[in-house]
Amino acid sequence: MAKRKQLILAFLLSGTIASVLYTAFHMSYTNSTQNTSSLDNVATQISTHNAVTKAQSKSTQWVKTKNKSETKKKSKNKVPPTRMRSKSTPKVRPKLRGYVMPESPLQFSDIEDNFISQNELAFEKMPNISLFARMPATTKYKKRYFCILLRSISLFWAVDFGPLVLVLDDESKEDHKLGDKLLKNQQLIPINIKIKYEKLPKDKSVLSFAGSPKSPNYNRQLWSSFFNDLYVDTKIIAWMDTDSTLITPVTTFDIFDGKKIRVIGQDKFSIGWVRSWGITTELALGLPQVADFMVYFPVFIWTDTYRNCREFILKRFKTTNFETAFKQIYHTGHANFISPVSVVLSYAWYFERDRYDWHFELLDDLKTYNKRLPEKYKLTEEYTRPFYLTALHATYDGNYMKQGYCLTYQVTGDRVKGCNKFENTSHTPLFDFGYGPYTYCLGKEKERICKTLLAKHYTFVAKHYASGKRKRPNIAHLKTIESLAQKIGNVTCSEMKYTADIFKGVQQGSILSS
């Protein structure tokens, strides 16, 4: 125990030192660019830009807009100087885990806590959503698609929410073959699938350039992520990585607070690659990255936010060609990484904050964290409320997916053979964001709030299935997906260690009691 405490202390101290260095560097950078593209000057563009985005958002009944008048000032949008990647950037994710909330039975008596909004959207009234994934038809990604993403979607995604949109490479014959086969076998897949194809950028150097920190194929996914809106016809996009897996049924409560979409951000700036993302995000927006948003799935975003963010970047770089802007952001001459989701959601914080319900987990106190943000855009206490995820990277899964399946049957009134281990648990892994340390549920009050949220989640799970509009998870779908993986993708799911038979011993429909 003493050794573990020493390790945790060492980890926290290393993060503190890194944060101090990053803050000092950030202040130096801000001062050096004060006369060209300072934060205050860039922030004055909000009036004009908000007028456009708010006019666009009036077309949807889901957004409440506010009329504000701000003075427009001239601003020089010169590209900030590049910054060297920190030599201390870790090459692997820290393995040390943080606080783990103890399991306990779901306490449904607490679900009306005034901490939680009572204005959730009804299942039948919510806008359609596109579950969104981008990949090439290589063996690696086909395994991810079938064995991780599609398996979990078949259990936990509501068909009535909307389709799965899969974007493939247009120039690849293999991608077209895969797309055609998926559509021909649509009737066997328990979710509607739409196939789209993306062309290569006209300028091939956008993806392949000297000093790139990533491969051209990986760069293509980064590039493509700024155009997700072009491939859907729904008002909301639920962004998924192909190696992310749903671990519990997704409900309206998980997506909305009233009519606002929930967003989760974390303070991970003690980690090297997150600091690197912060550099490119600030290059893109002229404003600091607000948090690490690459911490949960699905990432729900209003579809027009992508377009609005893209247009803002084009105006900032005074071009009509996004290839030109992207190269000035990402081709810095140094090995800086980029996180498109952090760019898009940082944009949303500065320009569309009222459209989203924000939840930030901070390692620093609020006053310290706010030093990195412009005056008008600092966080307040209300934004530090906890919230949970419904999917995570499959490498972190363990038995979380099985637990979600078993609890779904329990809260809908049945006990299933093979689920004894998970009876009367509260599914605390929904607060497991992959790597620590964590503060979200630390302490008696926050722990109570977290468990209240989990009870609320499974209350909505029960409501959804009781409505008759949604069928309970069926593990027979897993075998169907595995069969299609071999038939369509020529891949075998059992080869991947984290998609082994985690449902061993569980028998679909084998009800012990009702």
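We now turn to the structure provided with this report. Owing to the predicted nature of the structure, the values given are computational and were not obtained by experimental measurement.

Regarding the packing of helix 6 (residues 216-224) against helix 10 (residues 322-330)
Point 1. Two elements in contact, helix 6 and helix 10, have axes separated by 12 Å at closest approach and are oriented at 115 degrees. Crossing angle aside, the handedness with which helix 6 passes helix 10 is right-handed. Each of Asn-219, Leu-222 and Trp-223 in helix 6 lies in contact with helix 10, whose residues at this interface are Phe-322, Glu-323, Phe-326 and Tyr-330.
Point 2. Of the residues that constitute the contact of helix 6 with helix 10, the class distribution is five nonpolar, one polar and one charged.

Notes on the packing of aromatic side chains
Point 1. One pass over the structure, following the stated rule, counts 27 aromatic pairs.
Point 2. With centroids separated by 5.6 Å and ring planes inclined at 80 degrees, the aromatic side chains of Phe-209 and Tyr-330 adopt a geometry described as edge-to-face. Within this pair, whereas Phe-209 is found in the loop between strand 3 (193-198) and helix 6, its partner Tyr-330 is found in helix 10, the two being separated by 121 residues in sequence. In this structure, Phe-209 and Tyr-330 share a single accessibility class: buried.
Point 3. Consider the rings of Phe-226 and Phe-326, whose centres lie 6.1 Å apart with planes at 75 degrees: the pair is edge-to-face. Within this pair, whereas Phe-226 is found in the loop between helix 6 and strand 4 (236-239), its partner Phe-326 is found in helix 10, the two being separated by 100 residues in sequence. Comparing Phe-226 with Phe-326 shows no difference in burial state: the two are buried.
Point 4. An aromatic cluster is built from Phe-209, Trp-223, Phe-226, Phe-227, Phe-322, Phe-326 and Tyr-330, whose rings are joined through pairwise contacts.
Point 5. Seen from the ring of Phe-317, Arg-316 lies directly overhead, with NZ or CZ sitting 5.3 Å from the centre.
Point 6. Taking NZ or CZ as reference, Arg-372 lies 6.0 Å from the ring centre of Tyr-369, over its face.

A short note on the sheet that holds strand 6 (residues 256-257)
Point 1. In spatial order, the strands read 6-7-9; together these three strands make up an open sheet with mixed pairing. The outermost strands of the open sheet, each flanked by one partner alone, are strand 6 and strand 9 (356-361).
Point 2. Both strand 7 (residues 260-266) and strand 9 contribute to a ladder of six bridges, which runs parallel. Looking at strand 9, one finds that Gln-266 is bridged to Glu-361.
Point 3. With respect to the sheet, helix 11 (residues 340-351) is in contact with strand 7 and strand 9, its orientation differing from that of strand 9 by roughly 115 degrees.

Describing the environment of Val-167
Point 1. Relative to the helices and strands, Val-167 is located in strand 2 (residues 164-169).
Point 2. Look at Val-167 and you get buried, because its relative accessible area is 0%.
Point 3. Excluding its chain neighbours within four sequence positions, the residues that come into contact with Val-167 are Phe-132, Ala-133, Arg-134, Met-135, Lys-196, Glu-198 and Tyr-231.

Regarding the packing of helix 8 (residues 272-285) against helix 11
Point 1. At a minimum axis distance of 9 Å, the contact between helix 8 and helix 11 shows a crossing angle of 50 degrees. As the angle between them shows, helix 8 and helix 11 are arranged oblique. For the element pair helix 8 and helix 11, the recorded crossing hand is right-handed. Where helix 8 abuts helix 11, its residues Trp-277, Thr-281, Ala-284 and Leu-285 lie against Ser-342, Val-343, Ser-346 and Tyr-347.

Focus on helix 10
What sets the pattern is the α-helix's 3.6 residues per turn: residues three or four places apart point alike.
Point 1. Of all the residues in helix 10, the buried ones are Phe-322, Glu-323, Ala-325, Phe-326, Ile-329 and Tyr-330. With its buried residues spanning 160 degrees around the axis, helix 10 presents them on a single face.
Point 2. Where helix 10 is buried, its residues meet helix 6, helix 8 and helix 9 (303-316).
Point 3. Residue Asn-321 occupies the N-cap position of helix 10, its side-chain oxygen lying 2.8 Å from the main-chain nitrogen of Glu-323.

Conventions we followed
- Residues numbered from 1 in each chain as written.
- Predicted model: local features only at pLDDT ≥ 70, side-chain atom pairs only at ≥ 80, totals over all residues.
- Heavy atoms only, no water.
- Axes fitted to C-alpha atoms, helices over the stretch in contact; angles between N-to-C directions.
- Helix = DSSP H or I, 4+ residues; strand = E, 2+ residues; numbered from the N terminus.
- Left-handed = near helix turned anticlockwise from the far one by under 90°.
- Contact = heavy atoms within 4.5 Å.
- Nonpolar A, V, L, I, M, F, W, Y, C, P; charged D, E, K, R; others polar.
- Phe/Tyr/Trp six-rings, centres within 6.5 Å; stacked < 30°, edge-to-face > 60°.
- Buried < 20%, exposed > 50% of the residue type's maximum accessible area, 1.4 Å probe, protein only.
- Lys NZ or Arg CZ within 6 Å of the ring centre and 35° of its normal.
- Pairing = 2+ DSSP bridges.
- Parallel < 35°, antiparallel > 145°, perpendicular 65-115°, else oblique.
- Arc of directions from axis to C-beta.
- Polar contact = N/O pair within 3.5 Å; in protein donor to acceptor, adjacent residues only side chain to side chain.

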